Protein chains: 4
Amino acid sequence: MTLEVGVLGYRFMGKAHANALSRLSMFFPDAPDVERSVLVGRDEDALSDAADQLGFESIATDWEAVVDDVDVFYNLGPNHVHAEPSIAALEAGTSVFCEKPLAPTLVEAERMADAADKAGVPNGTAFNYRFIPAIQHAKGLLEAGELGEIHHVRGRYLQDWLVDPEAPWSWRNDAELAGSGALGDLGAHTVDLLRFLVGDDALAGEMERVSGHLQTFVDERPVEGSDEMRSVTVDDAYSAQVEFENGAMGTLEASRFATGHKNDHTIEIHGSDGSLRFSLERLNELEVLRADDNRGYETILVTDEDDPYVDHWWPPGHVLGWEHTFVHENYEFLSAVESDGAFEPSFQDGLAAQRVLEAIEASDEKREWVSIS
Amino acid sequence: MTLEVGVLGYRFMGKAHANALSRLSMFFPDAPDVERSVLVGRDEDALSDAADQLGFESIATDWEAVVDDVDVFYNLGPNHVHAEPSIAALEAGTSVFCEKPLAPTLVEAERMADAADKAGVPNGTAFNYRFIPAIQHAKGLLEAGELGEIHHVRGRYLQDWLVDPEAPWSWRNDAELAGSGALGDLGAHTVDLLRFLVGDDALAGEMERVSGHLQTFVDERPVEGSDEMRSVTVDDAYSAQVEFENGAMGTLEASRFATGHKNDHTIEIHGSDGSLRFSLERLNELEVLRADDNRGYETILVTDEDDPYVDHWWPPGHVLGWEHTFVHENYEFLSAVESDGAFEPSFQDGLAAQRVLEAIEASDEKREWVSIS
Amino acid sequence: MTLEVGVLGYRFMGKAHANALSRLSMFFPDAPDVERSVLVGRDEDALSDAADQLGFESIATDWEAVVDDVDVFYNLGPNHVHAEPSIAALEAGTSVFCEKPLAPTLVEAERMADAADKAGVPNGTAFNYRFIPAIQHAKGLLEAGELGEIHHVRGRYLQDWLVDPEAPWSWRNDAELAGSGALGDLGAHTVDLLRFLVGDDALAGEMERVSGHLQTFVDERPVEGSDEMRSVTVDDAYSAQVEFENGAMGTLEASRFATGHKNDHTIEIHGSDGSLRFSLERLNELEVLRADDNRGYETILVTDEDDPYVDHWWPPGHVLGWEHTFVHENYEFLSAVESDGAFEPSFQDGLAAQRVLEAIEASDEKREWVSIS
Amino acid sequence: MTLEVGVLGYRFMGKAHANALSRLSMFFPDAPDVERSVLVGRDEDALSDAADQLGFESIATDWEAVVDDVDVFYNLGPNHVHAEPSIAALEAGTSVFCEKPLAPTLVEAERMADAADKAGVPNGTAFNYRFIPAIQHAKGLLEAGELGEIHHVRGRYLQDWLVDPEAPWSWRNDAELAGSGALGDLGAHTVDLLRFLVGDDALAGEMERVSGHLQTFVDERPVEGSDEMRSVTVDDAYSAQVEFENGAMGTLEASRFATGHKNDHTIEIHGSDGSLRFSLERLNELEVLRADDNRGYETILVTDEDDPYVDHWWPPGHVLGWEHTFVHENYEFLSAVESDGAFEPSFQDGLAAQRVLEAIEASDEKREWVSIS
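Residues numbered from 1 in each chain as written. Chains lettered and ligands numbered in written order. Predicted model: local features only at pLDDT ≥ 70, side-chain atom pairs only at ≥ 80, totals over all residues. Heavy atoms only, no water.

Looking at an unreviewed UniProt entry, one finds chain A named Gfo/Idh/MocA family oxidoreductase, with Natronorubrum aibiense as its source organism.

So this is what it looks like as structure tokens:
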């Protein structure tokens, strides 16, 4: 069986997933056969060029015609077009894989998760960082109880592409189109990763309440190619304090104003028996300290043959890149589609992250802690 | 003129300051002559041994007799004995140097700062980390505007000496004696360092409002040498979000449960033109990124001849230790005493830090943001 | 025009190059069209499976039939089969790309380089590390004179896969098949990278004389799946001292016994105006110190849009992996083939590296310095 | 009993040792009492000022009068005045502590070691880096066999104070006065540290043969305060390859031309069961990898209570500086003097290091490997 995949979106994420799809046969021979069937967008010329380059067999400007034709629908458009096509696809019984954050508003995210539940087909939210070998290795340590009881969790996602006030306005600066700013774009990754790593009941459990802080440092930005200035209606940065079910404390943060940081997503966890640290810009490495065996952090290069996914690639010490996370993610999602199995992170996981983000925003407005429903 | 110094406290801080006093003549020949005159404590035998080892000429068990005899009074006792002797000394016109945090409660800290103002003599709060060459270098960069407008500030102080639930109870676990836990002991350092570095109006200004979170992970601890368990009435860890006058965002954190971290105080600052990072466990280094000159952080070994204080010590690359911060601090304080000049951090600075800590605690109780008066 | 590529070898290097060939169209649209035409090997079944997985259209067990049929011949077999098929291909006017080291002996390498010169077609030695963006960035700095006069050069390639005396014998342990051990396998990379970086006359120039040291720590190893022990006839590790034309000093080293190091190739250079450091296990980073601007090394993440090759991939901070070096290398080589242009590193570069390796071995035998002819 | 100490030399090393002597009573109360009795030099005014600052009771311009008056003689003068006063002191039955390298020539070093043996009194060569807690911890691991059989050893000492051709001439540039350049000044430390760490028969054993390379990059330098240029007759940098008794390979290197490096002494060791790394500029840390327990290097902060010497100082995580090595060294040496015990590194150790340095120089001249007698 060959899975026909329809993909909405052909920019950054379109390329990242098309690349992933194209690499499965060589590196994951047990993955289902996939056909990059149809690429969906609005601008026919650009779309046609993209389809050529990204290896799609056809193009379409109308997603409605596509979503029930294909076996799998990838929704990689901007946040405000996540809900409608995804729900339509699900209603047509098509498996859906949607970029994060699941939707610009909690209401839409709930509708999407409901639709996924009703459809009963495999569905996924594209939190690709779960599929980094080092993160999977961390997950393994945590699940095995090697860090003991969790006390502290830290997540930080730093970029700097807006620190220049002359940096042009984009849809990512608009509340209608993006939902939120750094919070939704970057914070969604952090919230999901922490849920993935310590969310088990035996570890820290779910996030119970948060205190949030959002800030917009530059209120309006120039529109590229014009004299117009347009308002920035989302946050440039956020921070949050979190209390987990088991009493663990968390601090979260993301910014587009962290001068010198390009894509610096770091996770730190302290448990009663050990600690760990991870940084996306050194994604092949995991720093681990187990109190029984270590006096300091051990910098593990997670590229050994028996490390998660690594046997599919290269010998020890031959490092992977950012894009490999998409290959692993696509492999898992498409395998779930083929076997009609479950996939995580699902739309429900996307929704759970959204609830945290929404609570952070609400807390910032009210200036008080907010419980996560 | 030789300054006679009376010191209350002969344990950890007593040793740190006695050492500092003993080293001035060799390394800071322009410092005033000092005499380690009298060491004050309660247990005469222990006191006598300590005085011998630490080079004091006499001992006293009654601080009241001491505070107006000496030229300078160092109050290095536990937090709950900071107020009374310090105020008495000030009232006697004696210069006072007091360990941090200034007092266990804001009320006492205010009384102390008032007394200092009335006395009009040099007074200091022992925030020794201001006197690290790397921190002074950072201050220089910030004051010169090299980091531009400040957007983000981060301060974290991680220790792990209480992560074992069997670690014995001490006065540091008691609200009456210590005021607070990690917040006062460690957070005080963080708050002061950030005030020192970015508190200028031209930078981030003062902290305006905070949201705090305190947590006690282990509620009671064994009393050493007995079967008794005693309650832990202070925080094991705290976190806080801060908004500064200029809109900059801060996240603060300290813990005694950060497994594997011994004395890990880190400061990070992002401005529109650059960023910097500092870690106490590598206190000879400062990481600096200036957007105009650098693409990444530059790891500067702050041990060059023209770095702050360094010419007093050794050639470039010959690193200093934690204790040197006390020598610099004592040098500055005693020089101020000799010249009847001003010293910073003063009692007012100690009070200012206390106000932030108190607001963090209040915020945690109310579960809402609290303005700093 | 579509270039038909024939590839001898389908294991590690076969996969690395097949992958590179398959990715050109999506990421380097201006690269020539290539067809993975024929895969050459001895074991038909294995070959057939590999061809399927790696996307080759046909297989052949006889390289002689292949080398003049295709437009480009990739020789990725073990070292002892480098010479004959490569020379045959060149004699047939076919462009040849050969894995490193060029040959097990200097004599064969010379024959190959001669054949390449006579053929006058593009030819390349697969020193893929030249094509790491961070290395290209380093090269740019060096060529621009930013490091000044070169004084010191250091290259070290550490692995540990033979430290266990029970690790099985392979062709890499055999002088006949491999030529040498760590020296040829790893040292070849180091020598080429240093030649690339500082070999210009304006920098350090060529290596003039060397003093070498080879060591075999374990003399015989078990043959997998049998009771037999077979002799190790190559070095497990080597070190060398080098003097360059301009008087610069170099130290080189490689080992298969460096416990804990998997693929740790590091380069360090000190010039009168600056220094730099690179490590293959963190290949997205370059540490640079320019005496005029820096006091310490600056850790540059070489993933900006205007960094070499990076605009073909992902936004800043989205790191590349080891395999991307092959894509860049293949892109450059095939572009040279298409335009009938020159490619570096050529067979002459492969030969030049070989001369250094041979001199290191000769020096070890004679226990004296040896000039590089 | 109070030991009267006479010290020749009052500059860098004079200050380092005077400081160490002054700190023993507070931090090493079981050390013998010492009196900084007499400071010896040539320039009476400078000497008198130095004695005041460094806490000496008297001064002398004639070492001959001093060496048998005192209990202990510290020879901290330039290398060319090491032999005569040291030998005279030994002949007078006075314990002698001499700065490294022991002498500018092997002949003189042998005479000194002979005199020490004949005198039968405690004698020491001031290789202070043996007394770094992290190095002692490394030694403990090595002695316990935790690294297994030693295969590789690396030592590098990088400075940059001569990279500027205008940097003034000093006695350190003169063969008569200094013996050698980077080799003797820096290489002596490296050779001694490696002998200390792996020199045991059960580990790598002694260095058996070396291949050396010396280079002088700048041939003459300006004399400060005059128009004169004076010849540089020593090496600016050296490198060496070493073979140890057990077949382990070593590479050594030092330079005064390593731009950006101030006092960067690094040691790396690979054994069959583990590896370790140390850097003087981060002297509180030791990086350890034990193959059984670790997958990567563990960065140990060697400041725990049960780490060597640390209980004398501060709580865990409160880092020590470069100067503390002298306190430990003086403590050990003076304790040996008091108990008439043995001290290592002795003059014999100083001589052994010298033999290696001499062999490196001889090898460089002959351009061949030289055995160490």
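Read on for the rest.
Q: Could you give an account of the relation of the copies chain A and chain B, with specific residues and numbers?
A: Between the two copies, chain A and chain B, the superposition gives an RMSD of 0.0 Å; the rotation angle is 180 degrees and the shift along the axis is 0.0 Å. The symmetry that links the two subunits is that of a two-fold axis. The position closest to the rotation axis in chain A is occupied by the C-alpha of A:E368, lying 1.9 Å away. Counting the interface residues of chain A, we find that 100% of their copies in chain B are interface residues as well, pointing to one common contact surface. (Least-squares fit on C-alpha atoms with pLDDT ≥ 70 in both. Contact = heavy atoms within 4.5 Å.)

Q: Go over helix α10 (residues 347-366) of chain B with me, naming the residues and quoting the values.
A: Residues and elements named next belong to chain B. Between the first and last C-alpha of α10 there are 28 Å, a value that for 20 residues agrees with the 28 Å anticipated at 1.5 Å per step. Two or three places before Q348, at the opening of α10, S346 has a side-chain oxygen 3.1 Å from that residue's backbone nitrogen. Just beyond α10, the residue with positive phi is R367, at close to 55 degrees. (Helix = DSSP H or I, 4+ residues; strand = E, 2+ residues; numbered from the N terminus. Expected span 1.5 Å × (residues − 1). Polar contact = N/O pair within 3.5 Å; in protein donor to acceptor, adjacent residues only side chain to side chain.)

Q: Before we move on, can you summarise the environment of D:R154 with the specific residues and values?
A: Within the secondary structure layout, D:R154 lies in strand β7 (residues 150-158). Along the sequence, D:R154 and D:R111 sit 43 residues apart, while their C-alpha atoms lie 30 Å from each other. Once you skip the residues sitting within four places of it in the chain, D:R154 turns out to touch C:R156, C:L158, C:E253, D:L194, D:T251, D:T266, D:I267, D:E268 and D:H270. Within the structure, D:R154 has its side chain in polar contact with the side chain of C:E253 (distance 3.0 Å).

Q: Please set out the sheet that holds strand β2 (residues 33-40) of chain C residue by residue, giving values where relevant.
A: Residues and elements named next belong to chain C. Pairing is parallel in the open sheet, where six strands are placed in the order β3-β2-β1-β4-β5-β6. One side of each edge strand has no neighbouring strand; the edge strands of this open sheet are β3 (58-60) and β6 (123-125). Sheet twist, expressed as the mean angle between neighbouring strand axes with direction ignored, is 20 degrees. Taken together, the four bridges between strand β4 (residues 72-75) and strand β5 (residues 95-98) define a ladder with parallel strand orientation. Residue pairing in the sheet places Y74 in a bridge with F97 of β5. Where helix α4 (residues 83-91) meets the sheet, it contacts β1 (2-8), β4, β5 and β6, and its direction lies at approximately 170 degrees from that of β4. On top of the sheet, helix α9 (residues 324-339) reaches β1, β2, β4, β5 and β6; it is set at about 145 degrees to β4, its chief contact. (Pairing = 2+ DSSP bridges. Axes fitted to C-alpha atoms, helices over the stretch in contact; angles between N-to-C directions.)

Q: Run through the packing of helix α5 (residues 106-119) of chain B against α10(B), naming residues and quoting values.
A: All names here are of chain B. The interhelical angle for the contact between α5 and α10, taken along N-to-C directions, is 165 degrees, at an axis separation of 9 Å. Taken together, the axes of α5 and α10 lie roughly antiparallel to each other. The interaxial crossing formed by α5 with α10 has left-handed handedness. Packed against α5, whose contacting residues are L106, A109, E110, M112, A113, A116 and D117, the element α10 presents F347, Q348, L351, Q354, R355 and E358 at the interface. (Parallel < 35°, antiparallel > 145°, perpendicular 65-115°, else oblique. Left-handed = near helix turned anticlockwise from the far one by under 90°.)

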